[in-house]
Amino acid sequence: MDHFEYRDRALYCEDVPVADLAEQYGTPLYVYSEATLLHHLREIQTAFAPANPVVCYSVKANGNLSLCRLMGKHGAGYDVTSGGEFFRALKAGPQGSKIVFAGVGKTDAEIRYALEHGVFLFDIESEQELHAIGDIAHHMGRTAAVALRVNPDLPPKTHVKTDTSVKGVKFGLDIETVVDVARGVVGHPGLAVVGIHMHLGSPILKTEPYRQGGERAVKLVKAFRDLGHDIRYLNMGGGFGINYRRDEAKPAGAFAEVILPAVAETGCQLVLEPGRFIVGNAAVLLSRVVFTKSTGGKHYVIQDAAMNDLIRPTLYGSFHRVWPVRPAADVPERPDVDGNPDVPDPFRPMPNCFAQDVVGPVCESGDFLAKDRPLPALKRGDLLAVFSAGAYGMSMASNYNSRLRAAEVLVTGGTHRLIRRRETFKDLVACEEDCLL
Ligand SMILES: *Cc1c(COP(=O)(O)O)cnc(C)c1O
């Protein structure tokens, strides 16, 4: 479910024609739908309500302060992976909102910063980290509440770069030895081991991994309690998949069905860290066609968004629907893409369309947003929408090729506001100017 739809062959975000936004704010432009974002947050909060969940929005999916603030206002805490994200969460959230801190390489400074600002839970990724946090907290006269992140050693579930629970990845503690690690800190004056954490990877379209992970977590909760640790939280992470094609994703209720029984068995409070599920379908990236060109039998649409704006296709071979903002009368009003994720992107013939690569201006052959996509003939100045661009889009954007990062706009019903201004040339050199040779 999202609030991007075509009405009379013009793409709308809620009640605003997105072409108006491109006109007013320029391109490339990220356009967010508040209703879509809140719908997905609510879907999770409702589906998991029986476990009284602490829903910690995963800031790395999209760290925009206004979006984070919106989620805090509607009851979310935050899941962060760096001191910078912790800073964002503090700035965005209502005071006292719960912040979970994950990541394999927390520095001493980050650990101190989190402790000083009332971190809710550290997700622990290694034995050394556990002891470091315990010692730092003890020196500060505090006790750090921690959840041990377990790698449950499940079969591959998603892209190799984003699967975090197969054997040998850098994340979490091995399931074979995690009980020994927990035994090693019984009675540590700086540590309160209060939870088990699992984040399986992302995006995950099946519920089975969560069922298996949950079962393994139940056994560990018992083992940890036998050691004397007061385990109160079961953190099942995030990773819930979304519709990039059409309807391949599961509703939150399907994940709740397999996770809730495990939570009930432990009597723990549930913590979740969804990112993509909340924000992924809540944005399109708007771009404008600069040129078209054909060479070596290939047809290219060169538009003004690039891999520095949305790197997922380049980095993971990810699929995003792309379609004109104002499709002509002789082509389908919206792209029809098979919802089956197990079938590789087929080139499906569409009336009056031909296979084109959608590429940006960056000087890399890997700079593309879509490949071999059936698209109608396009001309200079036409607007394109890249769908489902809300998660890991702007948050992974860079200045490569000294390109200015895009602006972001939030649509609420019939109104819209800028939530991040477009960067300027001055921004581009700001960190170098003060120390210029
Ligand atoms: C990235 C991440 C998440 C969020 O994953 P999504 O797929 O965006 O839901 C949650 N927890 C941890 C520890 C992560 O690293």
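Residues numbered from 1 in each chain as written. Predicted model: local features only at pLDDT ≥ 70, side-chain atom pairs only at ≥ 80, totals over all residues. Heavy atoms only, no water.

A.B. asks: Would you mind going over the overall build of the protein chain with me for this structure?
C.D. replies: Per the secondary structure count, the protein chain includes 12 helices and 21 strands. The C-alpha radius of gyration of the protein chain comes to 23 Å, within 12% of the 22 Å expected for a compact globule of 437 residues. Expressed as lengths along the three principal axes of its C-alpha atoms, the size of the protein chain is roughly 70 × 55 × 45 Å. For the protein chain, the residues scored as buried account for 55% of the 437 residues in total. (Helix = DSSP H or I, 4+ residues; strand = E, 2+ residues; numbered from the N terminus. Rg over C-alpha atoms; globule rule 2.2 N^0.38 Å. Buried < 20%, exposed > 50% of the residue type's maximum accessible area, 1.4 Å probe, protein only.)

A.B. asks: I tried to follow the site of the ligand on my own but got confused; where do I start?
C.D. replies: The immediate surroundings of the ligand are formed by 15 residues, with Lys60, Ser202, Glu273, Arg276 and Tyr392 found nearest. Here Lys60 contributes a side-chain N or O atom positioned 2.7 Å from an oxygen atom of the ligand. Interatomic distance of 2.3 Å between a side-chain N/O atom of Ser202 and an oxygen atom of the ligand. For the ligand, the accessible surface in isolation is 390 Å², of which the surrounding protein chains cover 94%. Looking at side-chain class alone, the shell around the ligand contains three nonpolar, seven polar and five charged residues. (Near = heavy atom within 4 Å. Polar contact = N/O pair within 3.5 Å; in protein donor to acceptor, adjacent residues only side chain to side chain. Areas by Shrake-Rupley, 256 points an atom, 1.4 Å probe, with all protein chains shown as cover. Nonpolar A, V, L, I, M, F, W, Y, C, P; charged D, E, K, R; others polar.)

A.B. asks: Looking at this model, I keep getting lost on the domain arrangement of the protein chain. Mind explaining?
C.D. replies: Accessible area lost upon the coming together of the parts is a frequently used measure of interface size. Splitting the protein chain by domain gives domain 1 (4-32 + 280-429) and domain 2 (34-278). Look at where the C-alpha atoms of domain 1 and domain 2 centre, and you get two points 32 Å apart. Summing the contributions of domain 1 and of domain 2, the shared interface buries around 2600 Å²; its carbon and sulfur component is 49%. The tally of links from domain 1 across to domain 2 stands at zero salt bridges. Summed over the shared surface of domain 1 and domain 2, the result is 18 residue pairs in polar contact (both at pLDDT 80 or more). Only α11 (312-316), β20 (407-412) and β21 (415-420) provide two or more residues apiece to the side of domain 1 that touches domain 2. The element contributing the most residues to the side of domain 1 that touches domain 2 is β20, with four residues. For the side of domain 1 that touches domain 2, a count of residues per class yields 13 nonpolar, 10 polar and nine charged. (Domains from an automatic or database assignment. Buried area = accessible area lost by both parts, 1.4 Å probe. Salt bridge = Lys/Arg side-chain N within 4 Å of Asp/Glu carboxyl O.)

A.B. asks: Mind showing me how you'd approach the environment of Gly93 here?
C.D. replies: By secondary structure assignment, the location of Gly93 is in the loop between α4 (83-92) and β7 (99-101). Taking the C-alpha atoms as reference, Gly93 lies 39 Å from Ile302; in sequence the two are 209 residues apart.

A.B. asks: It is not clear to me how the sheet that holds strand β2 (residues 10-13) should be interpreted in this structure. Could you clarify?
C.D. replies: Paired through backbone hydrogen bonds, the strands of a sheet run either parallel or antiparallel to each other. An order of β1-β2-β3 is seen for the three strands of this open sheet, with the pairing classed as antiparallel. Each edge of the sheet is formed by a strand with only one pairing partner; in this case those strands are β1 (4-7) and β3 (16-17). Summarising the sheet, β2 and β3 pair through two bridges and their orientation is antiparallel. Within β3, the residue paired with Cys13 across the bridge is Val16. (Pairing = 2+ DSSP bridges.)

A.B. asks: Hey, could you run me through the confidence of the model for the protein chain in this one?
C.D. replies: Note that predicted coordinates carrying low pLDDT should not be read in detail. Overall, the predicted model of the protein chain reaches an average pLDDT of 95, with 98% of residues at or above 70. Per-element confidence in the protein chain ranges from a low mean pLDDT of 93 for strand β10 (residues 173-174) to a high of 99 for strand β4 (residues 29-33). (pLDDT = per-residue confidence, 0-100.)

A.B. asks: Can you help me understand unusual backbone geometry in this one?
C.D. replies: The peptide bond linking Thr27 to Pro28 adopts the cis configuration, its omega dihedral lying at -10°. Relative to the elements of secondary structure, Pro28 occurs in the loop between α1 (18-25) and β4. Omega for the bond connecting Ser202 with Pro203 falls within 30 degrees of zero, at -5°, which places this linkage in the cis form. Turning to its location among the elements, Pro203 is positioned in the loop between β11 (191-197) and α8 (208-226). One non-glycine residue with positive phi stands out, namely Asn52, at about 45°. Considering the arrangement of structural elements, one finds Asn52 in the loop between α2 (34-47) and β5 (54-58).

A.B. asks: Can you walk me through helix α5 (residues 108-116) in this structure?
C.D. replies: The periodicity of an α-helix, 3.6 residues per turn, causes residues three or four places apart in sequence to face the same way. Those residues of α5 not exposed but buried are Glu110, Ile111, Ala114 and Leu115. Seen end-on, α5 carries its buried residues on one side only, within an arc spanning 130°. Buried residues in α5 make contact with α4, β7, β8 (121-124), α6 (127-139) and β9 (144-151). One or two residues past the end of α5 sits Gly118, with phi positive at roughly 70°. (Arc of directions from axis to C-beta. Contact = heavy atoms within 4.5 Å.)

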